[in-house]
Amino acid sequence: MKINIVVWHIVLSIIIFGLMSCRSSGENNEVLEYIDSMCSVHPQKAIQLLDSMNVCELSESDKHYYDLLTIKANDKAYVVHKSDSLIRDVVDYYSSYGDQSLYPISLYYAGRVYSDLGDYPTALRHFQNVLQIIPEKKENLSFIAPVISQTARVLDRLRLYSQALPYLQKSIEIGELLNDTLQMAYGNDLMCKVQLHIGNLDAARRYNSEAIKFMSSLSSVSRSDMKIDLASILYREGKNDSALQIIRNLPDEVDILCRNYALIVAARIYLKAGIADTAYMYAHELAMSNDPNNRNAFKLIFSSDFSQYVPKDTLLSFIPLYKKAVENYLNNSEVEAAAIQNSYYNYQMHLHEKESAVRVRNRLFIILLIVSLIAISAIAVVVCLRLKNLQQIVRLQRALALIKALQQSSTEQNKFITDSSVKSETTVLREKILKEFEVLERDRKQIFSVRQNLIQSDIYNRLSLMIQKRKALKYDDPLWHDLRRVIENDAPGFKGRLDTLTNCHLSNSDFQIALLMRFGISPTNMAVLLNRTKSTITSRRSTLCNKIFGSKVNIKLLDALILYI
């Protein structure tokens, strides 16, 4: 099997080298895209292919793409970044030129570079810039996930544990959405460690249990690292017997980077269990190491618990070493503080340079904006004057049509008076309104449309926002009162005329439909606001139409009548 894999790599390399030898300048991008696809799966192979390319033959855009892939491949191969000169040039290029889809990727790897360099504030800034650029959509989750995870790790290293919690929670949630067991395992594991730092043992135990659920997908070393956390939790909970069962032989199984942490945990557990020789063995190994936290081992050795097991001359020989360990810890703390201050200074300088460039660019933009605003203002004035004239014409046309209708209806006044002796006053008014409307509708001289003052009202904007959010308007919502108030101001007596037209059979649901129709709300949008199906809305409109006209007519007449009255 291994021989087949080697042969496959050799054949693949020959093909790639052949493509590179015969390519033109326009074909470089295809080769680089292929190498890009290999970075996550075979980073070492990607590094070899990048090293084999002649960088001098690349175009400017491909050169920056090449530099980005170099950083990406080394990062995937767990090569510690030593300098930021290359990534700074890449980020500056993609911030203004080139393929803009590569800009957030360059920001992510800038964060990785500065994280390796120990410049955590700068790393954090780049990670947060990525999260601001890339929207949190399902198709982007696979890219956002490592950014959120790295942000949490940087905050953890800065000892900003409370700030790291929401990022870790989001990382775990994305892992569940993507069904990524590795991300869920490492996310819960880091959340456990952060909760331990905070001192929340219950939460730490819960997240450790969640991480252990996914141990089958991890290496044996990673599984041992998680067991160390579990042993530490049990020790701090006072369950030392359970912790002792778990800690046995674990210091020899964990990752080399976690060994010193495992040593101090094991020493404390064994000491509490009364197994002083094993506890001393682990504490002594940590004390003799160059680990920055070896002072904790010395503290354990100098404790009263070890006084009867360690000879005094041995303890005296440890005093200079303990002193040196404490001094190293204090020096490292000062170095870390200085590094953070230096990072902050560099960040301020970067902001100053960026702001200077932005000011120059903004001057030109402001000039262009002022000219554009003057032109737009002139156009707006012309349009407003024209709209005002058109509105005046429409009002005059409506008034003229109404005068003609009244003149025509005056000849039939005697008939209305005669009929009123038999019919009720409500019936007379109803027939009068319908007659006036019928005249205007028949002559087609009246324009029935939603009035501009309603469209421009705050109520209309609130209705539109609820429709966009697919939010229903409850039966007792105060907005119904506001709707009625605005319409009564626009058309006094609107409710009374509806009662007249329906012979006082107007229900509350009928009135709500009429209010929405007056605002020009379509049946589809009414269904959203009233949380009903479109067929139900159509049925209610038909019912109201029958109550008014007394027979089945075209529903469009109802729309026109509501706008007319």
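Conventions used here
- Residues numbered from 1 in each chain as written.
- Predicted model: local features only at pLDDT ≥ 70, side-chain atom pairs only at ≥ 80, totals over all residues.
- Heavy atoms only, no water.
- Helix = DSSP H or I, 4+ residues; strand = E, 2+ residues; numbered from the N terminus.
- Buried < 20%, exposed > 50% of the residue type's maximum accessible area, 1.4 Å probe, protein only.
- Contact = heavy atoms within 4.5 Å.
- Areas by Shrake-Rupley, 256 points an atom, 1.4 Å probe, with all protein chains shown as cover.
- Phe/Tyr/Trp six-rings, centres within 6.5 Å; stacked < 30°, edge-to-face > 60°.
- Lys NZ or Arg CZ within 6 Å of the ring centre and 35° of its normal.
- Salt bridge = Lys/Arg side-chain N within 4 Å of Asp/Glu carboxyl O.
- Core = buried A, V, L, I, M, F, W, Y, C linked by side-chain atoms within 4.5 Å.
- Expected span 1.5 Å × (residues − 1).
- Polar contact = N/O pair within 3.5 Å; in protein donor to acceptor, adjacent residues only side chain to side chain.
- 1 Å grid on protein atoms, 1.4 Å probe; cavity = no way out; pocket = protein on both sides within 12 Å on 5 of 7 lines; lining within 4 Å.
- Points joined across faces, edges and corners; volume = space filled by probe spheres on them.
- Nonpolar A, V, L, I, M, F, W, Y, C, P; charged D, E, K, R; others polar.
- Patch = residues over 30% accessible without salt bridge, like charges linked within 9 Å, V, L, I, M, F, W, Y side chains within 5 Å.
- Axes fitted to C-alpha atoms, helices over the stretch in contact; angles between N-to-C directions.
- Parallel < 35°, antiparallel > 145°, perpendicular 65-115°, else oblique.
- Left-handed = near helix turned anticlockwise from the far one by under 90°.
- Arc of directions from axis to C-beta.

1. Comments concerning the overall build of the protein chain
- Helices and strands together make up the secondary structure of the protein chain, namely 27 helices and zero strands.
- Looking at the protein chain residue by residue over its 565 residues, the buried ones come to 39%.
- Long-range contacts, defined here as pairs at least 24 residues apart, represent 59% of the contacts in the protein chain between residues at least 6 apart.
- Here the protein chain displays about 32400 Å² of accessible surface, and carbon together with sulfur accounts for 55% of that area.

2. Side note on the packing of aromatic side chains
- One pass over the full model with this rule turns up seven aromatic pairs.
- Relative to Tyr97, the ring of Tyr93 lies with its centre 6.0 Å away and its plane at 35°, an arrangement referred to as tilted.
- Accessibility expressed as a relative area gives 10% for Tyr93, which makes it buried.
- Classification of Tyr97 by relative accessible area gives exposed; the value is 54%.
- Lying over the aromatic face of Tyr207, Arg206 brings its terminal NZ or CZ to 5.1 Å of the ring centre.
- A cation over an aromatic ring shows up here: Lys495 above the ring of Phe511, its NZ or CZ 5.3 Å from the ring centre.

3. What about the pattern of salt bridges?
- For the structure on display, the rule yields 22 salt bridges.
- Note that Glu173 and Lys170 form a salt bridge whose closest N and O atoms lie 3.9 Å from each other. Placement of both Glu173 and Lys170 in helix 9 (residues 161-178) is noted, with a separation of three residues, approximately one turn of the helix.
- A residue is classified by how much of its surface remains accessible, and Glu173, at 33% relative accessible area, is partly exposed.
- Judged by its relative accessible area of 28%, Lys170 is partly exposed.
- Here Lys495 ties to Asp499 by a salt bridge, and the two come within 3.1 Å at their closest N and O atoms. Taken as a pair, Lys495 and Asp499 lie in helix 23 (residues 494-501) at a separation of four residues, close to a single helical turn.
- Each of the salt bridges in this network shares a partner with another, and the network as a whole consists of Asp458, Arg462, Asp482 and Arg485.

4. Focus: the nonpolar core
- Ranked by size, the top nonpolar core spans 48 residues in total, and within it Leu463, Leu483, Phe494, Leu498, Phe519, Ile548 and Leu561 carry the most contacts.
- Leaving out residues up to four positions away in the same chain, Leu561 has contacts with Leu434, Phe437, Leu501, Ile548 and Phe549.

5. Considering helix 12 (residues 220-236)
- With 17 residues, helix 12 should cover 24 Å at 1.5 Å per step; its first-to-last C-alpha distance of 25 Å lies within 8% of that length.
- Every buried residue belonging to helix 12 is among Ser222, Ser224, Asp225, Met226, Ile228, Asp229, Leu230, Ala231, Ser232, Ile233 and Leu234, and all of these are buried.
- Buried residues in helix 12 make contact with helix 10 (181-198), helix 11 (201-213), helix 13 (240-247) and helix 14 (259-272).
- Looking at the residues trailing helix 12, positive phi occurs at Gly238, about 85°.

6. Details of the side chain of Ser106
- Tracing the sequence through the fold places Ser106 in helix 6 (residues 103-116).
- Among the residues examined, Ser106 registers a relative accessible area of 0% and is labelled buried.
- Looking at Ser106, its side chain comes within polar contact range of the main-chain oxygen of Tyr103, at 2.6 Å.
- Apart from the residues lying within four places of it in its own chain, the contact partners of Ser106 are Leu68, Ile87, Val90, Val91 and Tyr94.

7. What to know about empty space enclosed by the protein
- Following the criterion strictly, the structure yields one cavity of 30 Å³ or more and no others.
- Quantified by volume, the largest cavity comes out at close to 40 Å³.
- Those elements that place two or more of their residues in the lining of the largest cavity are helix 12 and helix 14.
- Per element, the largest residue contribution to the lining of the largest cavity is three residues, and it comes from helix 12.
- Of the residues in the lining of the largest cavity, the class split is four nonpolar, no polar and three charged.

8. Here we look at unusual backbone geometry
- Look at Arg159: it is not a glycine, yet its phi comes out positive at around 65°.
- With respect to the secondary-structure elements, Arg159 resides in the loop between helix 8 (141-157) and helix 9.
- Note on Arg159: relative accessible area 52%, which makes it exposed.

9. Some thoughts on a nonpolar patch on the surface
- A contiguous nonpolar patch, built from Phe365, Ile366, Leu369, Ile370, Leu373 and Ile374 and spanning about 570 Å² of accessible area, is present on the exposed surface.
- Topologically, Leu369 is positioned in helix 17 (residues 312-410).

10. Re the packing of helix 10 against helix 11
- Contact pair helix 10 / helix 11: the axes reach a minimum separation of 8 Å and the direction vectors enclose 165°. On the basis of their axis angle, the class for helix 10 and helix 11 is roughly antiparallel. The way helix 10 lies across helix 11 gives a crossing that is left-handed. Contact with helix 10, carried on its side by Ala185, Asn188, Asp189, Met191, Cys192, Gln195 and Leu196, involves Leu201, Ala203, Ala204, Tyr207, Asn208, Glu210 and Ala211 of helix 11 and no other residues of that element.
- Residue composition of the contact of helix 10 with helix 11, by class: nine nonpolar, three polar and two charged.

11. With respect to the packing of helix 4 (residues 60-76) against helix 6
- At a minimum axis distance of 10 Å, the contact between helix 4 and helix 6 shows a crossing angle of 50°. With respect to each other, helix 4 and helix 6 are oriented oblique. In this structure, helix 4 meets helix 6 at a crossing whose hand is left-handed. Residues Leu68, Ile71, Lys72, Asp75 and Lys76 of helix 4 lie in contact with helix 6, whose contacting residues are Ile105, Ser106, Tyr109, Arg112 and Val113.
- Here the residues of the contact of helix 4 with helix 6 sort into five nonpolar, one polar and four charged.

12. Quick look at helix 5 (residues 85-96)
- The end-to-end C-alpha distance of helix 5, which contains twelve residues, comes to 18 Å, matching closely the 16 Å that a straight helix rising 1.5 Å per residue would cover.
- The set of residues buried in helix 5 consists of Ile87, Val90, Val91, Tyr93 and Tyr94. Taken down its axis, helix 5 places every buried residue within 165° of arc, on the same side.
- In this fold, the buried residues of helix 5 make contact with helix 4 and helix 6.
- Of the residues flanking the end of helix 5, it is Gly98, one or two places downstream, whose phi is positive at about 70°.

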